[in-house]
Amino acid sequence: MNVIELLADLQARQAEAATRAGELRDQIEHLNADLSETEARLAELVTTRKVIAELAPTGTEPEPPELTTTYQVIVNAFNTHPDQAFRVRDLHTNSSACAPTTRP
């Protein structure tokens, strides 16, 4: 390999490295823009959370009433007394949520 071929090879490598450096700079610019947008959104979310925390009452609001269904009453009876065998009549008479049935 002579000096002219060596210089041409070095110039080609330099051009490739310069192209790659430009691509990386573009990526960095894009990532910096994304980072700025994300940090701005994060700051907005932090501010929103702080404002809501200041405005929201702390523990003074009562819990919403729990709706009791017949199914829940039956499940609670089995959970409260797991070793007990129940008859339908027992569940019905011990449950205030079950409506009385009328026999024909």
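Residues numbered from 1 in each chain as written. Predicted model: local features only at pLDDT ≥ 70, side-chain atom pairs only at ≥ 80, totals over all residues. Heavy atoms only, no water.

Visitor: What exactly am I supposed to notice about the overall build of the protein here?
Guide: Within the protein, the regular secondary structure consists of three helices and zero strands. Overall, the protein shows an N-to-C arrangement of helices and strands of α-α-α. Per-residue burial for the protein yields a buried fraction of 6% across its 104 residues. Total accessible area computed for the protein in this model is approximately 9800 Å², and 58% of it derives from carbon and sulfur atoms. (Helix = DSSP H or I, 4+ residues; strand = E, 2+ residues; numbered from the N terminus. Buried < 20%, exposed > 50% of the residue type's maximum accessible area, 1.4 Å probe, protein only. Areas by Shrake-Rupley, 256 points an atom, 1.4 Å probe, with all protein chains shown as cover.)

Visitor: I'm lost on the pattern of salt bridges in this one. Help?
Guide: Between side chains of opposite charge, pairing is possible as soon as their charged atoms come close. Overall, the coordinates contain three salt bridges when judged by the stated rule. Between Arg-13 and Asp-9 there is a salt bridge; the shortest N-O distance is 3.4 Å. Placement of the pair is Arg-13 and Asp-9 together in helix H1 (residues 3–55), with a separation of four residues, close to one helical turn. What makes Arg-13 exposed here is its relative accessible area of 53%. (Salt bridge = Lys/Arg side-chain N within 4 Å of Asp/Glu carboxyl O.)

Visitor: Help me out: how do you make sense of H1 in this one?
Guide: In an α-helix, one full turn covers 3.6 residues, which means residues spaced three or four apart are oriented alike. Under the 1.5 Å per step criterion, the end-to-end length of H1 is 77 Å for 53 residues, consistent within 8% with the ideal 78 Å. At the N-terminal end of H1, a side-chain oxygen is found 3.1 Å from the backbone nitrogen of Ile-4, two or three residues along, and the residue is Asn-2. (Expected span 1.5 Å × (residues − 1). Polar contact = N/O pair within 3.5 Å; in protein donor to acceptor, adjacent residues only side chain to side chain.)

Visitor: Teacher, can you tell me more about a nonpolar patch on the surface here?
Guide: Taken together, Met-1, Val-3, Leu-6, Leu-7 and Leu-10 make up a surface patch of nonpolar side chains, about 550 Å² in accessible area. For Leu-7, the location among the structural elements is in helix H1. (Patch = residues over 30% accessible without salt bridge, like charges linked within 9 Å, V, L, I, M, F, W, Y side chains within 5 Å.)

Visitor: I tried to follow the confidence of the model for the protein on my own but got confused; where do I start?
Guide: In low-pLDDT regions, the fine details of the predicted coordinates are not to be read closely. Put simply, the protein has an average pLDDT of 81, and 77% of its residues get 70 or more. Predicted confidence in the protein is weakest over helix H3 (residues 88–93), with a mean pLDDT of 70, and strongest over H1, with 94. Every residue in residues 97–104 scores below 50 in pLDDT, and together they form 10 contacts with partners more than four places removed in sequence or on other chains. (pLDDT = per-residue confidence, 0-100. Contact = heavy atoms within 4.5 Å.)

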